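# Descriptive analysis of the structure
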Amino acid sequence: QVQLVESGGGLVQPGGSLRLSCAASGSIRSINAMGWYRQAPGKQRELVAVITIGGNTNYADSVKGRFTISRDNAKNTVYLQMNSLKPEDTAVYYCNMNLMSWGSISSKAYWGQGTQVTVSS
């Protein structure tokens, strides 16, 4: 059984910062890519940032230069540092990990439960 638990969401004023964390636990053999997605009300879920096992990163154009994704492989954790937040960043943020659990023959995508980020004055 694998679980992804997110933390760090909340209410912040425009221009402020938040740091999201997502820790995976359970019967984990290896983790490949880790990423963050978000879904605003009435919109489809979209990719925010992804980081590969080798540390290569990719960002949505809307967050480039403001958000930074990082990972701690020893802790099975992915982070999202969000700076210069804007009202349009308001959404539920979900972490995603492509990982292989012990006893599986292939990797699988797992999702966190989501954490609300609200940017408002």
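Residues numbered from 1 in each chain as written. Predicted model: local features only at pLDDT ≥ 70, side-chain atom pairs only at ≥ 80, totals over all residues. Heavy atoms only, no water.

### Comments concerning the sheet that holds strand β1 (residues 2-7)
For clarity, the threshold we go by: When DSSP finds two or more bridges between two strands, those strands count as paired. Note on conventions: DSSP H or I runs of at least 4 residues are helices, E runs of at least 2 residues are strands, and numbering of each starts at the N terminus. To obtain an axis, a line is fitted to C-alpha atoms, over the contacting stretch when the element is a helix, and the angle between two such axes runs from 0 to 180 degrees between their N-to-C directions.
Spatially, four strands are ordered β1-β3-β8-β7 in an open sheet, and the strand pairing comes out antiparallel. Each edge of the open sheet carries a strand with a single partner, namely β1 and β7 (67-72). The average angle at which neighbouring strand axes cross in this sheet is 15°, direction not considered.

### A closer look at the state of the cysteines
For clarity, the cut-off: Note on terminology: pairs of cysteine sulfur atoms within 2.5 Å are recorded as disulfides. Per-residue accessibility, obtained with a 1.4 Å probe over protein chains only, is compared with the maximum for each type, and a residue is labelled buried under 20%, exposed over 50%, and partly exposed between these values.
According to the stated counting rule, one finds one disulfide in the structure shown. Disulfide pairing is shown between C22 and C95; the S-S distance is 2.0 Å. Taken together, the residues C22 in strand β3 (residues 18-26) and C95 in strand β9 (residues 91-101) connect sequence positions 73 residues apart. No difference in accessibility class separates C22 from C95, as the two residues are buried.

### Quick word on the side chain of T77
Formally: Under the rule applied, a polar contact is a pair of N or O atoms within 3.5 Å (in protein, one hydrogen donor and one hydrogen acceptor; residues adjacent in sequence only if both atoms are side-chain atoms). A contact between two residues is defined here by any heavy atoms of the two lying within 4.5 Å.
By the secondary structure assignment, T77 is in strand β8 (residues 77-82). By relative accessible area, T77 is classed as buried at 6%. At a separation of 2.8 Å, a polar atom in the side chain of T77 contacts the main-chain carbonyl oxygen of K75. Not counting chain neighbours up to four residues away, the residues in contact with T77 comprise C22, A23, M34, S70, R71 and D72.

### Topic: the pattern of salt bridges
Note the threshold: The salt bridge definition used is simple: a Lys or Arg side-chain nitrogen within 4 Å of an Asp or Glu carboxyl oxygen.
Applying the stated rule across the entire model yields four salt bridges. R38 serves as the salt-bridge partner of E46, at 2.7 Å between the closest nitrogen and oxygen. Take R38: its relative accessible area is 6%, and that puts it in the buried class. A salt bridge links K64 to D61, with the nearest nitrogen and oxygen atoms 3.1 Å apart. The exposure class of K64 is partly exposed, given its relative accessible area of 48%.

### A few points about the packing of aromatic side chains
Here is the rule we go by: Each aromatic pair joins two rings of Phe, Tyr and Trp (for Trp, the six-membered one) with centres within 6.5 Å, and gets the label stacked for planes under 30 degrees apart, edge-to-face for over 60, and tilted for any other angle. Each ring is checked for a lysine NZ or an arginine CZ that lies within 6 Å of its centre and within 35 degrees of its normal; such an atom marks a charge sitting over the ring.
Applying the stated rule across the entire model yields one aromatic pair. The aromatic ring of Y79 is capped on one face by R19, whose charged end is 4.1 Å from the ring centroid. Sitting above the plane of the W111 ring, R45 keeps its charged end 4.7 Å from the centroid.

Coordinates in, geometry out; function isn't part of it.
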